[in-house]
Amino acid sequence: MSTPALEAELREFFERFDTSGADAFHEQFLSLDPAKATVVTRDQLRAVLPRRAQMFSSVGATGTRLRDLHARSLDDHHTLVETYWDVELADEDAEPLTLHATYLLRRADEGWRVVVYLNHQDIGSVLANRTAASSA
């Protein structure tokens, strides 16, 4: 079960997500999408973040905004959080792009850390489809 205080705390965590980058993740975490499951280190994530930013900017994305989250506390240390993100686009007339991800978070002394990151879509394909649609 989730409380309003926990949801507010988690919303704050995710609102800082873009600026905290890899620091929001546990030293090792499981990254999943429809095609693969991979154990990733924080250093590996740091290395791919610039390429990910380039992928998003290639479709005119200027940032992401947390639209909605649903949390379920699993125990004193772990919370499952389903999120929906709106990709902010430079072209305000463009069709909105929404991403759906679920996170398993672990509370540690230094705060929340992502231990499982599940993208419900293949982000590369979503962005490639966006590029193909806008050039058609």
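The rules behind the values
- Residues numbered from 1 in each chain as written.
- Predicted model: local features only at pLDDT ≥ 70, side-chain atom pairs only at ≥ 80, totals over all residues.
- Heavy atoms only, no water.
- Helix = DSSP H or I, 4+ residues; strand = E, 2+ residues; numbered from the N terminus.
- Rg over C-alpha atoms; globule rule 2.2 N^0.38 Å.
- Contact = heavy atoms within 4.5 Å.
- Lys, Arg positive; Asp, Glu negative; His and termini not counted.
- Charge placed at Lys NZ, Arg CZ, Asp CG, Glu CD.
- Polar contact = N/O pair within 3.5 Å; in protein donor to acceptor, adjacent residues only side chain to side chain.
- Core = buried A, V, L, I, M, F, W, Y, C linked by side-chain atoms within 4.5 Å.
- Buried < 20%, exposed > 50% of the residue type's maximum accessible area, 1.4 Å probe, protein only.
- Pairing = 2+ DSSP bridges.
- Axes fitted to C-alpha atoms, helices over the stretch in contact; angles between N-to-C directions.
- Expected span 1.5 Å × (residues − 1).
- Bend = angle between axes of the 7 residues up to and from the residue.
- Phe/Tyr/Trp six-rings, centres within 6.5 Å; stacked < 30°, edge-to-face > 60°.

(A) Fine view of the overall build of the protein. Within the protein, the secondary structure is distributed over 4 helices and 6 strands. In the protein, the succession of helices and strands from N to C terminus is α-α-β-β-α-β-β-β-β-α. Over its C-alpha trace the protein gives a radius of gyration of 15 Å, about what one expects of a compact globule, namely 14 Å for 136 residues. In terms of principal-axis extent, the alpha carbons of the protein reach across some 50 × 30 × 25 Å. A separation threshold of at least 6 residues defines the contact pool for the protein, and within that pool the share at least 24 residues apart is 52%. The averaged location of the 22 negative side-chain charges in the protein is 4 Å from the averaged location of its 14 positive side-chain charges.

(B) The environment of Arg-113, seen in detail. Of note, Arg-113 is situated in strand 6 (residues 111–119). Taking C-alpha positions, Arg-113 is 23 Å from Thr-98, a pair spaced 15 residues apart along the chain. Discounting residues that sit within four places of it in the chain, Arg-113 has contacts with Asp-23, Ala-24, Phe-25, His-26, Arg-42, Leu-104, Leu-105 and Arg-106. Looking at Arg-113, its side chain comes within polar contact range of the main-chain oxygen of Asp-23, at 3.2 Å.

(C) Focus on the side chain of His-78. With respect to the helices, strands and loops of the structure, His-78 is situated in strand 4 (residues 78–89). The contact partners of His-78, leaving out residues within four places of it in the chain, are Ser-73, Leu-104, Leu-105 and Arg-106.

(D) Spotlight on the nonpolar core. In this structure, Phe-14, Phe-17, Tyr-103 and Leu-105 are the most contacted members of the largest nonpolar core, which totals 32 residues. Listed by contribution, the elements that provide at least two residues to this core are helix 1 (4–15), strand 1 (25–32), helix 3 (42–57), strand 3 (61–73), strand 4, strand 5 (97–108), strand 6 and helix 4 (123–135). In this view, Leu-105 contacts Leu-10, Phe-13, Phe-14, His-77, His-78, Thr-79, Val-81, Trp-112, Arg-113 and Val-114; residues no more than four positions away in its chain are not counted.

(E) Structural context of the sheet that holds strand 2 (residues 37–41). Strand order in this open sheet of 6 strands is 2-1-6-5-4-3, and the pairing throughout is mixed. Looking at the sheet topology across the chains shown, the edges are occupied by strand 2 and strand 3. Each strand of the sheet is rotated relative to its neighbour by a mean of 25°, with strand direction disregarded. Running over the sheet, helix 1 touches strand 3, strand 4, strand 5 and strand 6 and is turned about 155° from strand 3. Contacting strand 1, strand 2, strand 3, strand 4, strand 5 and strand 6, helix 3 crosses the sheet at an angle of about 110° to strand 2.

(F) Seen up close, helix 3. For helix 3, built from 16 residues, the straight-helix expectation of 22 Å at 1.5 Å per residue is met to within 8% by its first-to-last C-alpha distance of 23 Å. Along helix 3, the largest kink reaches about 35° and is centred on Val-48; proline Pro-50 follows within four residues of it. Those residues of helix 3 that fall on the buried side of the exposure criterion are Arg-42, Leu-45 and Phe-56.

(G) Structural detail: the packing of aromatic side chains. Scanning all chains against the criterion turns up 11 aromatic pairs. Seen from their ring centres, Phe-25 and Phe-29 are 4.6 Å apart, and the 45° between their planes marks the pair as tilted. The exposure classification of Phe-25 matches that of Phe-29, with both residues buried.

(H) Up close: the pairing of strand 6. Bridge analysis of strand 1 against strand 6 gives 4 bridges, and the strand direction is parallel. In the sheet register, Leu-32 faces strand 6, and the bridge partner there is Leu-118. Pairing between strand 5 and strand 6: 8 bridges, direction antiparallel. Among the inter-strand pairings, Arg-107 is bridged to a residue of strand 6, identified as Trp-112.

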